[in-house]
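The lines below spell out each chain.
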Amino acid sequence: MKFIKLISIVLLLQACSEQSDVAPMTADTDHQTYTAEDFYKTISIGGSSINHDGTAVLISSDETGIYNAYRMPLDGSPAEQLTNSTVESTYAISWFPGDDRILYFADQGGNENDHVYVRELNGSSKDLTPGENVKAIFAEWSDDDQSFYIMTNERDPRYYDIYKYQVSDYSRELIFENNDGYSPQGITGDGRWIALRLEYNNTDSDVFLIDLASEDQAPINATAHEGEVDHSIYDFTADNSKLIYATNEFGEYNQAWSYDLESGERALHFKNDNWDVSFLYFSDDGKYQVAGVNEDASTKVTITDTESGADVIMPPLPAGDLRSVNFTDDSRKMVFYINSDTSPSNLYVHEIGTDTATRLTNSGNPDIDENILVPSEVVRFKSYDGLEIPGLLYKPKQASATNKVPAIVYVHGGPGGQSRKGYNPTVQHLVNNGYAVMRINNRGSSGYGKTFYHMDDKKHGDVDLKDVVYNKYYLQSLDWVDADKIGVMGGSYGGYMVMAAMAFTDEFNVGVNIFGVTNWVRTLKSIPAHWEAARKGLYDELGDPETDEERLHNISPVFFGHQVKSPVLVVQGSNDPRVLQIESDDMVAAIREGGTYVDYLIFDDEGHGFSKRDNRIEASNKYLEFLDGYLK
């Protein structure tokens, strides 16, 4: 597949993510318990670019403990490691369209300044986007296979420009200079049209198009509208005739609409009445359309033959969500992943029209019985004002009315993220070791309509915190939960909610704060330069530190550390560019000055999220050790 769609929703503070001996049976049940090492013996993989002759997939895998690029043959042969980093995680992007060179990206120690690299046929690598503070994003291959496009902020740290690179020698030219705060989001394969998003505030935006073949190249507003409507870009059609974009103009949820590039005519393309259309894209030849719907924290994928309009009939597959669907150049074969709560992502290949699919990977730990793991249940509870709040509830196998277990309210990143179905080794480790976990989607979470999404705007630390507290009350109503042993845990924005819960309420017995914001004034003043295009939207949601400083101060837990009365664990990456380490340093000091116990774990080689397996294991062990000591 020439076009690799990197859908990157940049949310403030979103946390991304050898076998030991198996522990003996617990005394009062036949349930088998496992260690963090067991759960992280699973292999995390991703990527679905298929090479030019349709013989192999390019994937990223942390099989060695750190992410590298691998060639995965479609015939089921063993994978071949293509990059050999032992320091920085390396993520595959795409094969070249005519040979087996690859593009990949990596940052430096978690600083999020990703560079795009090429790996040559002889195994050597070249940085295509050098520069100390440069951040680069691959965009698109050209239809003629002779060039590709990369966005970088090297000219102006605030905005992304677009460069066209030649496949032959990597020479490049600047084709779009971004001086007006646009977010580039797509290029047609013929290189004529560029799609840009312009955000006015956190509820209103437009999609603009630039015709590079026109004389003045003036931006064309493709989504002119009245009122507050949000828009973004899905894809261009394979024949470069239409833009497919997202809009919430016609209801609570995103629909897919088309814009004809010649006539300017707009029309409904694809919708679901009850849920957001999360993504929509096409095979390179345009024969197939892939659409994903975010249905109650699970992705439902539809693959459609664009000529007949009929949905492709998939072969029998294991339970789970379909992800990263991609096609060979001739669209005869497709690859995809299946991921579930109890099984990590595995890669499959399927010849369209047949009734079988071949599994190419075995990502799970063979020593873990999948039947021992716990699938989540979608549940809802009423919050303080009667609003129904959804979440994913994990009930340990050990739990019963006569064997009550401690529980954890687990808050996602964001603001505006969503806890979703899928394998989570940290959660499974806790549940397997006897902790109920509720992954709350409090008001302000995405996936439940635009009204729900904006309910916490400039109300953080108030209405969202009340949802978390009422989640505790819901857990206390379950006859298999120990009502006197409930903690709160989360990363990034979820870490903020942990510290808000611990500082501003006395509801929770313990808190686990994973790189959470504790000083909103400093955080909002120190956001990375390349977030400039989204700054206005962030301020609309959270507050402007210049004009809302008093309110932001009052919801920042670091200034109220003396009010924390129960034990806290804080975990932080030293290179985090979103939540600076000083945030956690100050929070830990404030709690200790108040006389309350706080434990502090710092990873010197990580940023906003832990990419190295050994670090993930150490963190997961620390969570369990802390909870066993202060909650259980």
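The model shown is predicted, which means the values in this text are computed figures rather than measured ones.

(A) Structural view of the overall build of the protein chain. Helix and strand counts for the protein chain come out as 10 helices and 35 strands. Structurally, the protein chain occupies a C-alpha span of about 65 × 55 × 45 Å along its principal axes. Among the 632 residues that make up the protein chain, the fraction classed as buried is 59%. Surface exposure of the protein chain reaches about 24,400 Å², of which carbon and sulfur atoms provide 45%. Across the protein chain, the mean location of the 51 positive side-chain charges is 3 Å away from that of the 100 negative side-chain charges.

(B) Spotlight on a nonpolar patch on the surface. On the surface, a nonpolar cluster with roughly 250 Å² of combined accessible area is contributed by Tyr384, Tyr470 and Tyr473. Relative to the helices and strands, Tyr473 is located in helix 4 (residues 463-476).

(C) Layout of the sheet that holds strand 16 (residues 220-221). Sheet architecture is open: four strands sit in the order 13-14-15-16, paired in antiparallel fashion. Only two strands of the sheet have a single partner each, and these edge strands are strand 13 (183-187) and strand 16. Bridging between strand 14 (residues 193-201) and strand 15 (residues 204-211) involves eight bridges; their strand directions are antiparallel. By the bridge assignment for strand 15, Trp193 is matched with Asp211.

(D) Structural context of unusual backbone geometry. The omega angle of the peptide bond from Gly414 to Pro415 is -10°, so this bond is cis rather than trans. Turning to its location among the elements, Pro415 is positioned in the loop between strand 30 (405-411) and helix 2 (425-432). Despite not being glycine, Phe515 shows a phi value in the positive range, around 35°. Among the secondary structure elements, Phe515 is positioned in the loop between strand 33 (511-514) and helix 6 (520-525).

(E) Fine view of the packing of aromatic side chains. One pass over the structure, following the stated rule, counts 29 aromatic pairs. Judged by centre distance (5.7 Å) and plane angle (20°), the rings of Phe381 and Tyr474 are stacked. Of this pair, Phe381 sits in strand 28 (residues 377-382) while Tyr474 sits in helix 4, and the two are 93 residues apart along the sequence. Each of the two residues, Phe381 as well as Tyr474, counts as buried. One aromatic cluster is present, built from ring pairs that chain together Phe96, Phe138, Trp141, Phe148, Tyr165 and Tyr170. If you follow Arg172 out to its NZ or CZ, it ends over the ring of Tyr163, 3.9 Å from the centre. Positioned over the ring face of Tyr384 is Lys466, at 4.8 Å from the centre of the ring.

(F) Focus on the pattern of salt bridges. Taken as a whole, this structure holds 31 salt bridges when the rule is applied. For Lys135, the salt bridge is made with Asp114, and the minimal N-O distance between the two is 3.1 Å. In this pair, Lys135 sits in the loop between strand 8 (125-127) and strand 9 (136-141) while Asp114 sits in the loop between strand 6 (102-106) and strand 7 (115-119), placing the two residues 21 residues apart along the sequence. When sorted by exposure, Lys135 lands in the same class as Asp114, which is buried.

(G) Expanded view of the confidence of the model for the protein chain. For the protein chain, the average pLDDT comes to 93, and 95% of its residues sit at 70 or higher. Within the model, pLDDT remains below 50 along residues 1-29, and this stretch shows 101 contacts once partners closer than five positions in the same chain are excluded.

(H) Representation of a negative patch on the surface. The grouping of Asp285, Glu307, Asp329 and Asp330 at the surface amounts to a negative patch. When you line up the elements, Glu307 lands in the loop between strand 23 (299-305) and strand 24 (321-327). Take Glu307: its relative accessible area is 70%, and that puts it in the exposed class.

(I) Summary view of the pairing of strand 23. Judged from the seven bridges that link them, strand 22 (residues 288-294) and strand 23 form a sheet pairing that is antiparallel. The residue of strand 23 that forms the bridge with Gln289 is Thr304. The turn linking strand 22 back onto strand 23 is made up of four residues, and Asp296 within it adopts a positive phi angle of 55°.

(J) View of the nonpolar core. Judged by nonpolar contacts, the single largest core of 91 residues is most densely connected at Leu475, Val488, Phe508, Ile514, Tyr623 and Leu627. Considering each element in turn, this core owes the most residues, nine residues, to helix 5 (residues 493-504). Setting aside residues up to four positions removed in sequence, Tyr623 forms contacts with Thr426, Met489, Val512, Ile514, Leu569, Val571 and Phe610.

(K) Fine view of the side chain of Thr505. Residue position: Thr505 is located in the loop between helix 5 and strand 33. Judged by its relative accessible area of 16%, Thr505 falls in the buried class. Among the polar contacts listed, one links the side chain of Thr505 to the backbone oxygen of Ala501, at a separation of 2.6 Å. A distance of 3.3 Å separates a polar side-chain atom of Thr505 from the backbone nitrogen of Glu507. Beyond its immediate stretch of four places on either side in the chain, Thr505 contacts Leu465, Val469 and Ala500.

(L) Expanded view of the sheet that holds strand 31 (residues 436-440). Ordered in space as 28-29-31-30-32-33-34-35, the eight strands form an open sheet in which the pairing is mixed. The open sheet has two edge strands, strand 28 and strand 35 (598-603), and neither has a second partner. Each adjacent strand pair in this sheet contributes to an overall mean axis angle of 20°, direction not counted. As judged from the five bridges shared by strand 30 and strand 31, these two strands associate in the parallel manner. In the strand pairing of strand 31, Ile408 is matched with Val437. On top of the sheet, helix 2 reaches strand 29 (388-394), strand 30, strand 31 and strand 32 (481-491); it is set at about 145° to strand 31, its chief contact.

(M) Just helix 7 (residues 535-542), in detail. Counting buried positions over the eight residues of helix 7 gives six, a clear majority of the element. Every buried residue belonging to helix 7 is among Gly537, Leu538, Tyr539, Asp540, Glu541 and Leu542, and all of these are buried. A positive backbone phi angle near 125° is found at Gly543, which sits one or two residues after helix 7.

(N) Representation of the environment of Ala589 within the structure. Position of Ala589 among the secondary structure elements: in helix 9 (residues 581-593). When the C-alpha atoms of Ala589 and Tyr67 are compared, they prove to be 34 Å apart, with 522 residues separating the residues in sequence.

(O) Main features of the pairing of strand 13. Relative to strand 14, strand 13 is paired through four bridges, and the arrangement is antiparallel. Among the inter-strand pairings, Gly186 is bridged to a residue of strand 14, identified as Ala195. What sits between strand 13 and strand 14 in their antiparallel hairpin is a turn of five residues, with Gly191 showing a positive phi close to 75°.

(P) Expanded view of the environment of Gly607. Along the chain, Gly607 falls in the loop between strand 35 and helix 10 (613-630). For Gly607, a relative accessible area of 1% gives the class buried. Sequence spacing of Gly607 and Asn68 is 539 residues, and the spatial spacing of their C-alpha atoms is 18 Å. Those residues within four positions of Gly607 in sequence are excluded, and the remaining contacts are Gly109, Gly110, Gly573, Asn575 and Asp576.

Rules used in this analysis
- Residues numbered from 1 in each chain as written.
- Predicted model: local features only at pLDDT ≥ 70, side-chain atom pairs only at ≥ 80, totals over all residues.
- Heavy atoms only, no water.
- Helix = DSSP H or I, 4+ residues; strand = E, 2+ residues; numbered from the N terminus.
- Buried < 20%, exposed > 50% of the residue type's maximum accessible area, 1.4 Å probe, protein only.
- Areas by Shrake-Rupley, 256 points an atom, 1.4 Å probe, with all protein chains shown as cover.
- Lys, Arg positive; Asp, Glu negative; His and termini not counted.
- Charge placed at Lys NZ, Arg CZ, Asp CG, Glu CD.
- Patch = residues over 30% accessible without salt bridge, like charges linked within 9 Å, V, L, I, M, F, W, Y side chains within 5 Å.
- Salt bridge = Lys/Arg side-chain N within 4 Å of Asp/Glu carboxyl O.
- Pairing = 2+ DSSP bridges.
- Phe/Tyr/Trp six-rings, centres within 6.5 Å; stacked < 30°, edge-to-face > 60°.
- Lys NZ or Arg CZ within 6 Å of the ring centre and 35° of its normal.
- pLDDT = per-residue confidence, 0-100.
- Contact = heavy atoms within 4.5 Å.
- Core = buried A, V, L, I, M, F, W, Y, C linked by side-chain atoms within 4.5 Å.
- Polar contact = N/O pair within 3.5 Å; in protein donor to acceptor, adjacent residues only side chain to side chain.
- Axes fitted to C-alpha atoms, helices over the stretch in contact; angles between N-to-C directions.

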